[in-house]
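# Structural overview for review
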Amino acid sequence: MSRTTPQFEIRDLNVFYGRTQRVFHVSVDIERYGITAFLGSSGSGKSSLLRVLNHTYDLFSDVRIEGNVLLDGEDLSLYGRNSTEIMLLRQRVGMVCQCPNPFPRSIYENVAYGLRLRYGYRKRQLDERVEQTLQRVGLWHNVKERLTQHALHLAAGQQQLLCLARALALEPDVLMLDEPCSLLDPAATYQIETLLQTLGQEMTIILTTSNPYQARRMADTTGVLFDGQLVEYAPTYCLFLESQDVRTVMVLGTNLYGAERKSAAMTELFGKTQVPVLVAIGEERMQ
Ligand SMILES: Nc1ncnc2c1ncn2[C@@H]1O[C@H](COP(=O)(O)OP(=O)(O)OP(=O)(O)O)[C@@H](O)[C@H]1O
């Protein structure tokens, strides 16, 4: 693998649930380091795409994948279901979900569990690594006096930081986050976004979001998903400066693009100028 090999190479990826295709012919390279965002409205295929990158689609019985995904040049389709390679893959490619989901155990145990399993650390090493990891995500100060408390007693934003710590403890090469801030308040969102910007300097971050403002704030590169198709993939500043595709204008919304341009995009896509109610509500919600 050369230093210039992309982190991920996705080639003509199709995802089917039963007989229904939901992701269509996605081909893209995801570069090493920095933040790549996949932006799209609900149901556009963001989670389906992420689940292919660390083989968590295996957990669903009716999913079928076509195409190839290479991580550091290695084809993931060669990995068998529930194989050791897949266990290792999920450590190399950590994942944080939309809904904070700490283990129903103590704050300490949420970070220590993976460390114990992966490295076989004893108590003193574990204590050190748990502290380092909680420091890294900015939680240590808040939780150091209550490490044995149940993780679900933490506030939602703190739970999400704990999930980040749990993934980071295993020293992944890639961290994927599926709409990590969509259920959080602005203060918690700010804390997580700031942390991700720091982490992006030392690892590859892949983020999904339905919020164009978040993609613009955070991402070096942004891909726009629309009905399971990757309609654009470009440096974020280019995408927001001058999009090449009317579907992107739809996803980015009137606040970023101007009502006139969006209205023209609507007409081109749907043959009418009326903005669907849900699109308008979505824009109110996005900050
Ligand atoms: N396990 C599944 N079985 C059947 N259909 C599924 C499954 N998972 C997702 N889908 C369908 O695939 C499409 C894409 O869903 P996906 O969750 O990837 O989109 P998304 O952009 O992440 O949406 P959201 O932001 O709402 O999570 C949707 O129509 C969804 O209903």
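Within every chain, residues take consecutive numbers counted from 1 along the sequence as written. A pLDDT threshold of at least 70 governs which residues receive local features in this predicted model, and a stricter bar of 80 or more applies before side-chain atom pairs are shown or counted, although totals over entire chains, interfaces and linings include all residues. Just so you know, side-chain values use all the structure's heavy atoms and leave hydrogens and water out.

### Things to note about the overall build of the protein
Tallying secondary structure elements over the protein gives 13 helices and ten strands in all. Using a 1.4 Å probe on the protein chains alone, a residue whose accessible area is under 20% of its type maximum counts as buried, one over 50% counts as exposed, and one in between counts as partly exposed. Out of the 287 residues in the protein, the part that is buried amounts to 52%. Partitioning the contacts of the protein with sequence separation of at least 6, the portion at a separation of at least 24 is 64%. Only carbon and sulfur atoms are counted for the fraction: they give 50% of the accessible area of the protein, which is about 14300 Å². A run of DSSP states H or I qualifies as a helix once it reaches four residues; a run of E qualifies as a strand once it reaches two. Both are numbered from the N-terminal end. By definition in these notes, contact holds between two residues if any of their heavy atoms fall within 4.5 Å. Each accessible area is a Shrake-Rupley estimate made with a 1.4 Å probe; only the visible protein chains count as cover when residues are assessed.

### Observations concerning the packing of helix 4 (residues 123–136) against helix 6 (residues 156–168)
Relative to each other, helix 4 and helix 6 sit at 125°, their axes nearing to 9 Å. As summarised for this structure, helix 4 and helix 6 are arranged oblique, according to the angle between their axes. Handedness of the crossing formed by helix 4 with helix 6: right-handed. Counting all contacts with helix 4, which are made through Thr-133, Leu-134 and Arg-136, the residues of helix 6 involved are Leu-162, Ala-165 and Leu-168. In the scheme used here, Gly and all other residues not listed as nonpolar or charged are polar, with Ala, Val, Leu, Ile, Met, Phe, Trp, Tyr, Cys and Pro taken as nonpolar and Asp, Glu, Lys and Arg as charged. Here the contact of helix 4 with helix 6 is built from residues that sort into four nonpolar, one polar and one charged. Axis geometry follows a simple rule: fit a line to the C-alpha atoms, using only the stretch in contact for helices, then measure angles between N-to-C directions, giving values from 0 to 180 degrees. Roughly parallel refers to an angle under 35 degrees, roughly antiparallel to one over 145, roughly perpendicular to one between 65 and 115, and oblique to any angle outside these ranges. By definition, turning the near helix anticlockwise from the far helix through less than a right angle yields a left-handed crossing, and turning it clockwise yields a right-handed one.

### Some details on the pairing of strand 3 (residues 34–39)
Most of strand 3 is tucked away: six of the six residues are buried. Neither face of strand 3 is open: one carries Gly-34, Thr-36 and Phe-38, the other Ile-35, Ala-37 and Leu-39, and all of them are buried. Strand pairing requires that DSSP identify at least two bridges connecting the strands. Relative to strand 9 (residues 221–226), strand 3 runs parallel, the two being bridged by four bridges. Its bridge partner lying in strand 9, Thr-36 is registered against Thr-221.

### Considerations on the pattern of salt bridges
Working definition: two side chains of opposite charge can pair if their charged atoms are close together. Salt bridges, as used here, are contacts in which a Lys or Arg side-chain nitrogen is within 4 Å of a carboxyl oxygen on Asp or Glu. Using the criterion set out here, one finds 15 salt bridges in the structure. Ionic pairing is found between Glu-109 and Arg-116, a salt bridge with its closest N-O pair at 2.6 Å. In this structure Glu-109 comes out as buried when scored by relative accessible area, which is 15%. Of the charged contacts, one joins Arg-136 and Glu-202 as a salt bridge, the two residues approaching to 2.5 Å between their closest N and O atoms. On the criterion of sequence distance, the pair formed by Arg-136 in helix 4 and Glu-202 in the loop between helix 7 (186–199) and strand 8 (204–209) is long-range, its members being 66 residues apart. Here Arg-136 falls in the partly exposed class, since its relative accessible area comes to 36%.

### Brief notes about the packing of helix 3 (residues 107–119) against helix 6
Packed helix pairs are specified by the crossing angle of their axes together with the interaxial distance, meaning the distance between the axes. Contact geometry for helix 3 and helix 6: axes closest at 8 Å, N-to-C directions at 20°. Classified by the angle between their axes, helix 3 and helix 6 sit roughly parallel to one another. Our pair here, helix 3 against helix 6, has a crossing hand that is right-handed. Between helix 3 and helix 6, the contacting residues are Ile-107, Asn-110 and Val-111 on the first element and Leu-162, Ala-165 and Arg-166 on the second. For the contact of helix 3 with helix 6, a count of residues per class yields four nonpolar, one polar and one charged.

### Digging into the sheet that holds strand 4 (residues 63–71)
The antiparallel open sheet is built from four strands, whose spatial order is 2-1-4-5. Strands at the two margins of the open sheet, each flanked by one partner only, are strand 2 (20–30) and strand 5 (74–75). Two strands pair when backbone bridges link them, and strand 1 (residues 8–17) and strand 4 are joined in this way by eight bridges, in the antiparallel orientation. Pairing of Phe-8 across the sheet is with Leu-71, part of strand 4. Against the sheet, helix 1 (residues 46–53) engages strand 1, strand 2 and strand 4, with an angle of about 120° to strand 1.

### Re the side chain of Gln-214
As for its placement among the helices and strands, Gln-214 is situated in helix 8 (residues 212–218). Polar contact is defined as a pair of N or O atoms within 3.5 Å, subject to the rule that within protein one atom must be able to donate a hydrogen and the other to accept it, and that residues adjacent in sequence are counted only when both atoms are side-chain atoms. Looking at Gln-214, its side chain comes within polar contact range of the side chain of Thr-209, at 2.9 Å. Excluding residues within four positions of it along the chain, Gln-214 makes contact with Cys-181, Thr-189, Glu-193, Thr-209 and Ala-219.

### Here we look at the confidence of the model for the protein
pLDDT: the predictor's confidence for each residue, scored from 0 to 100. Across the protein, the average pLDDT comes to 88, with 87% of residues at or above 70. Within the model, the stretch residues 273–286 combines pLDDT values under 50 with 17 contacts to residues more than four positions away or in other chains.

### Looking at the nonpolar core
For soluble globular proteins, nonpolar side chains are generally found buried alongside one another. By nonpolar core is meant a set of buried Ala, Val, Leu, Ile, Met, Phe, Trp, Tyr and Cys residues that side-chain atoms within 4.5 Å join together. Residues Leu-134, Leu-164, Leu-175, Leu-196 and Leu-199 are the most contacted members of the largest nonpolar core, which totals 52 residues. Ranked by residue count, the leading element in this core is helix 6, at seven residues. Counting 27 residues, the second-largest nonpolar core is a separate cluster that includes Leu-50, Leu-53, Ile-86 and Leu-225.

### So, unusual backbone geometry
Backbone geometry places Glu-171, a non-glycine residue, at a positive phi of 50°. With respect to the secondary-structure elements, Glu-171 resides in the loop between helix 6 and strand 7 (174–178). Unusually for a residue other than glycine, Glu-179 sits at a positive phi of about 45°. With respect to the element layout, Glu-179 can be found in the loop between strand 7 and helix 7. Residue classification places Glu-179 among the buried positions, given a relative accessible area of 13%.

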